[in-house]
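Results of the structural survey
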Amino acid sequence: MWCPKCKTEYRSGIAVCAECGSPLVEELPVEVDSGAALQKAEAYGRMESRENMRMLSGGNHAYVEKSVRYEDERSTAFSFLLVGIGGFILLALIYAGVIPLQFASYMKYISGAVMGGLFAAFIIIGIRSWTKLKKIRLEAEVEKERRAAADAWFLNAYTAQALDEKAGVGDKEAAEQNYFLRSSFMKQALQEQFPDFDEPFLDYLAEQYYDALYPEE
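Residues numbered from 1 in each chain as written. Predicted model: local features only at pLDDT ≥ 70, side-chain atom pairs only at ≥ 80, totals over all residues. Heavy atoms only, no water.

**A closer look at the nonpolar core**
- Within the largest apolar cluster, 23 residues are counted, with the highest numbers of intra-cluster contacts made by Phe 154, Leu 163, Met 186, Leu 190, Phe 197, Leu 205 and Tyr 209.
- Breaking this core down by element, the ones donating at least two residues are helix H3 (105–157), helix H4 (160–167), helix H5 (175–193) and helix H6 (199–213).
- With 8 residues, the single largest contributor to this core is H6.
- Every residue in contact with Leu 190, bar those within four places of it in the chain, is listed here: Trp 153, Phe 154, Leu 202, Leu 205, Ala 206 and Tyr 209. (Core = buried A, V, L, I, M, F, W, Y, C linked by side-chain atoms within 4.5 Å. Buried < 20%, exposed > 50% of the residue type's maximum accessible area, 1.4 Å probe, protein only. Helix = DSSP H or I, 4+ residues; strand = E, 2+ residues; numbered from the N terminus. Contact = heavy atoms within 4.5 Å.)

**Things to note about the environment of Ala 160**
- Its location among the elements puts Ala 160 in helix H4.
- For Ala 160, the contacting residues outside a window of four places in its chain are Leu 213 and Tyr 214.

**Describing the packing of aromatic side chains**
- Throughout the structure, instances matching the rule amount to 18 aromatic pairs.
- An angle of 5 degrees between the planes, with centres 4.7 Å apart, marks the rings of Phe 194 and Phe 197 as stacked.
- Phe 197 sits in the buried class, given a relative accessible area of 7%.
- An aromatic cluster of three or more residues is present, and its members are Tyr 63, Trp 153, Phe 154, Tyr 158, Phe 185, Phe 194, Phe 197, Phe 201, Tyr 204 and Tyr 209.
- The lysine or arginine in question, Arg 182, covers the ring of Tyr 214, its NZ or CZ lying 3.9 Å from the ring centre. (Phe/Tyr/Trp six-rings, centres within 6.5 Å; stacked < 30°, edge-to-face > 60°. Lys NZ or Arg CZ within 6 Å of the ring centre and 35° of its normal.)

**So, a nonpolar patch on the surface**
- Taken together, the side chains of Ile 85, Ile 89, Leu 93 and Val 98 define a hydrophobic patch exposed on the protein surface, amounting to about 350 Å² of accessible area.
- Tracing the backbone shows Ile 89 in helix H2 (residues 66–95). (Patch = residues over 30% accessible without salt bridge, like charges linked within 9 Å, V, L, I, M, F, W, Y side chains within 5 Å. Areas by Shrake-Rupley, 256 points an atom, 1.4 Å probe, with all protein chains shown as cover. Salt bridge = Lys/Arg side-chain N within 4 Å of Asp/Glu carboxyl O.)

**Considering a positive patch on the surface**
- Taken together, the side chains of Arg 69, Arg 128, Lys 132 and Lys 135 present a region of like positive charge at the surface.
- Broken down by element, the positive patch gets its largest block of residues, 3 residues, from H3.
- Examined against the element boundaries, Lys 132 turns out to sit in helix H3.
- The class for Lys 132 is partly exposed, based on a relative accessible area of 43%. (Lys, Arg positive; Asp, Glu negative; His and termini not counted. Charge placed at Lys NZ, Arg CZ, Asp CG, Glu CD.)

**Some remarks on the pattern of salt bridges**
- Across all of its chains, the model carries 7 salt bridges by this definition.
- Of the charged contacts, one joins Lys 187 and Glu 199 as a salt bridge, the two residues approaching to 2.9 Å between their closest N and O atoms. One end of the pair, Lys 187, is in helix H5; the other, Glu 199, is in helix H6, with 12 residues separating them in the sequence.
- Relative accessible area serves as the criterion here: at 48%, Glu 199 is assigned to the partly exposed category.
- Salt bridges sharing common partners tie together Lys 187, Glu 199 and Asp 203.

**Some words on the confidence of the model for the protein**
- Averaged over all residues, the pLDDT of the protein is 81; the fraction at 70 or higher stands at 79%.
- Of all secondary-structure elements in the protein, the lowest mean pLDDT belongs to helix H1 (residues 35–56), at 50, while H2 reaches the highest, 92.
- Across residues 30–38 the pLDDT falls below 50, and counting only partners more than four positions away or on other chains, this stretch makes 1 contact in the model.
- Across residues 40–45, confidence stays below pLDDT 50; counting only partners more than four residues off in sequence or on other chains, it has 0 contacts. (pLDDT = per-residue confidence, 0-100.)

Structure (structure tokens):
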């Protein structure tokens, strides 16, 4: 038997704690350390709050890096070409009798036409994706150079404190207002320094730098 208050153990037959008078229980309740859970909840709340603020400010969350797009397009090209070519090889083996399948004569030709059309469509999609790769690769190289130039300039020019001073952020301002002030200043500074960058890329850079300078907010 245990005292739930004093955590003192007693032998069976005793019903009340001699120290505090609390009724004894057979097992102590499991104590859960809520500290880690609270920290996770707070972190999630900060993430959710920032995402909401970005949505309200028109931040571009749909931007995909060109290097990621290149890998996706290359994977698409390989996958569709592989399935299309493999499908035609399979049909050839079936019609050559290497792979015996029992079909009615009319079903054999209908199935062959349907599957042949499907595999041809896969090959066409694969070829189209393949033709885009060179252009996307060149765009990815340009984007990489621009990102390196922007990183070298912005992260050397601004700290969190310096940016807050430039953006007019005060200690007593609301978190939402601070976010808008900082984001607007970052985007404007980037736009003035790199006028040839398009707006989605500027939004993307501003979000990356915000996360780098204010990771705890």
